[in-house]
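Residue strings, one per chain:
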Amino acid sequence: MDLTAAVDVIRAPLGEILPRVSAVLSEAIAHRAAAELSGNCPHSPFKTHGDPPGDPGTAITTAEMAALAPMARAEGTWQGRAWMAGAEVPVLAVHSDATARGALLVLVRTEEAPVPAEALAGVRALWDLVTAHRDRMAAEAVPGALGQSRAAAAARATAIAELVDAHGAALSALLGVLRGRDLDDRTARARAVDLAVSSLAELRARTDRDQALVEEPAGDAFARLAASLRPELRGLSVRLDLGPPGTEEGADRLLAADVANAARAVVRAVVHAMLNEQGPGQDGAPRPVHRVHIGWKVGEGELRATVRDDGPGVLRRTALDARRVGERLAALGGRLDVDAVPEWGTTVTATVPLGPPQPAREDPLDVLRARELEVLEQLARGRRNRQIAQELHISESTVKFHVANILEKLGVTSRGEAAALAHTWGATDS
């Protein structure tokens, strides 16, 4: 495999890596579509690429990919005929174990002849390189990638929820009809019931596969953090105390991969900063860090990671900024608190929201002009047109004109509805 081509692949933006892989491999292995199923891309674990649009790459399903995974995992590669996009076609499946969760690449080939062993070796090498590269980016929680991941995750979660609701409702309704007693053809009804049950099972299995690739329990995520820190502290006179999330702290709570990756990267960066920012004590002698405590707690809407040391208490936020701690957290809408007490040590708390931030609601009152807001405020206080006219020193007909405009702009049909909006959005606070 040409190393120049491999460099071109890993330099590509995340969304273009699969097309680049497909282009590089097309010279040695003719194919018309490519698909991947991996656990190191939190916002999009399943991707397809077909050129031109309409080729099987655009219709491959995760179920078809999952069926090939065990065979490819056993030997590293598998080639033969398999069902892809609803048709039996020649494929090459390549598994990479360069990461804990692995990654599967499938090429929908245009010919039946087996791929030579030397070509298979090159494909595996490239796929291992790509898999390790993306896993490293996820583990380091690069801020740009985190922002892309969080934005895409929000859209993806909405799409999945809508898909589940739509198919679930349709299939459940189908089952309800078919299970009724007003059908005479028992054979047809039985087959239809079996089909609907199978469809429901596949829909749920698809959701489960998706969650397994992009989420992990908080307890497991913390264990991976501890395992990555122990080798780094080996040989140092530093005791690592761990406070993993227990049942009450949300150990079983599923964390999105971007949240877990960001929390691990932030904690590692904080620990490194604490070990490097060792200052003198009151007597002027160096005061090293002897103990670092790390704890996680998962609340209703956020993960709180705390790192505390017994050092000189001289750590400043600038040292953490140099390690992009604040930048990583900002990409996910998180926050950072640093409490350094001379002679007592430093406590750093990183808070990461568990989900995408909710979009800010638009104030419906923004469409009103200043005078209309004044009229609405009086209306919300229960005053009639004559009272409003006296209060604002305008004619009663002018008040009626303003009230009509207010109702139209707010999209309501009564003074009561307009008053309710005014109370909700603070038009009566003054």
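How each quantity is defined
- Residues numbered from 1 in each chain as written.
- Predicted model: local features only at pLDDT ≥ 70, side-chain atom pairs only at ≥ 80, totals over all residues.
- Heavy atoms only, no water.
- Helix = DSSP H or I, 4+ residues; strand = E, 2+ residues; numbered from the N terminus.
- Buried < 20%, exposed > 50% of the residue type's maximum accessible area, 1.4 Å probe, protein only.
- Pairing = 2+ DSSP bridges.
- Axes fitted to C-alpha atoms, helices over the stretch in contact; angles between N-to-C directions.
- Contact = heavy atoms within 4.5 Å.
- Salt bridge = Lys/Arg side-chain N within 4 Å of Asp/Glu carboxyl O.
- Expected span 1.5 Å × (residues − 1).
- Arc of directions from axis to C-beta.
- Phe/Tyr/Trp six-rings, centres within 6.5 Å; stacked < 30°, edge-to-face > 60°.

- Going by the annotation in an unreviewed UniProt entry, the name recorded for the protein is Helix-turn-helix transcriptional regulator, with Streptomyces javensis given as the source organism.

### A word on the environment of Gly246
- Structurally, Gly246 is set in the loop between β7 (239-243) and β8 (254-256).
- You can call Gly246 partly exposed: its relative accessible area is 24%.
- Sequence separation of Gly246 and Trp296 is 50 residues, and the distance between their C-alpha atoms is 9.0 Å.

### So, the sheet that holds strand β12 (residues 345-353)
- Taken together, the five strands give an open sheet; going across it, the order is β7-β9-β10-β12-β11, and neighbouring strands pair in mixed fashion. One side of each edge strand has no neighbouring strand; the edge strands of this open sheet are β7 and β11 (335-341). Neighbour-to-neighbour, the strand axes of the sheet open up by a mean angle of 10°, direction not taken into account.
- Judged from the seven bridges that link them, strand β10 (residues 302-309) and β12 form a sheet pairing that is antiparallel. Among the inter-strand pairings, Thr306 is bridged to a residue of β12, identified as Thr349.
- Strand contacts of helix α7 (residues 218-233): β7 and β9 (291-298), with the helix running at about 165° to β9, the strand carrying the most contacts.
- Set on the sheet, helix α8 (residues 257-276) makes contact with β9, β10 and β12; between it and β10 the angle comes to about 15°.

### Notes on the pattern of salt bridges
- A complete count under the given rule lists 13 salt bridges for this structure.
- The shortest N-O distance in the salt bridge between Arg371 and Glu374 comes to 2.9 Å. Taken together, the residues span about one helical turn, with Arg371 and Glu374 both in helix α11 (residues 370-380) at a distance of three residues.
- Given a relative accessible area of 34%, Glu374 falls into the partly exposed group.
- Overlapping salt bridges, with partners in common, bring together Glu216, Arg224 and Arg264 in one network.

### With respect to α7
- In this model α7 runs 23 Å from its N-terminal to its C-terminal C-alpha over 16 residues, within 8% of the 22 Å that 1.5 Å per residue would give.
- Buried residues belonging to α7 abut β6 (215-217), β7, β8, α8 and β9.

### Things to note about helix α2 (residues 17-25)
- Of all the residues in α2, the buried ones are Ile17, Leu18, Val21, Ser22, Val24 and Leu25. The arc that holds the buried residues of α2, viewed along the axis, is 165°, so those residues lie on one side.

### Observations regarding the sheet that holds strand β4 (residues 87-96)
- Pairing within the open sheet is antiparallel, and its five strands lie in the order β2-β1-β5-β4-β3. The open sheet terminates on both sides in strands that have one partner only, identified here as β2 (46-50) and β3 (77-84). Adjacent strand axes in the sheet meet at a mean angle of 25°, parallel and antiparallel pairs treated alike.
- As paired strands, β3 and β4 are joined by eight bridges and run antiparallel to one another. Within the sheet, the bridge partner assigned to Gln79 lies in β4 and is Leu92.

### Description of the side chain of Glu372
- Counting through the fold element by element, Glu372 comes out in helix α11.
- Discounting residues that sit within four places of it in the chain, Glu372 has contacts with Val367, His402, Asn405, Ile406 and Lys409.

### Digging into the packing of aromatic side chains
- By the definition in use, this model includes one aromatic pair.
- The interplanar angle of 75° and the centroid separation of 5.4 Å between the aromatic rings of Phe222 and Trp296 together place this pair among those described as edge-to-face. With a gap of 74 residues between them, Phe222 in helix α7 and Trp296 in strand β9 connect regions that are remote in the sequence.
- A relative accessible area of 3% means that Phe222 is categorised as buried.
- Residue classification places Trp296 among the buried residues on the basis of a relative accessible area of 2%.

### Topic: unusual backbone geometry
- Backbone geometry at Arg324 places phi at a positive 65°, although glycine is not the residue there.
- Mapping Arg324 onto the fold places it in the loop between α9 (317-321) and α10 (325-331).
- Residue Arg324 is classed as partly exposed on the basis of its relative accessible area of 37%.
- Its identity as a non-glycine residue notwithstanding, Glu343 has a phi of 75°, on the positive side.
- Relative to the elements of secondary structure, Glu343 occurs in the loop between β11 and β12.
- What makes Glu343 partly exposed here is its relative accessible area of 23%.

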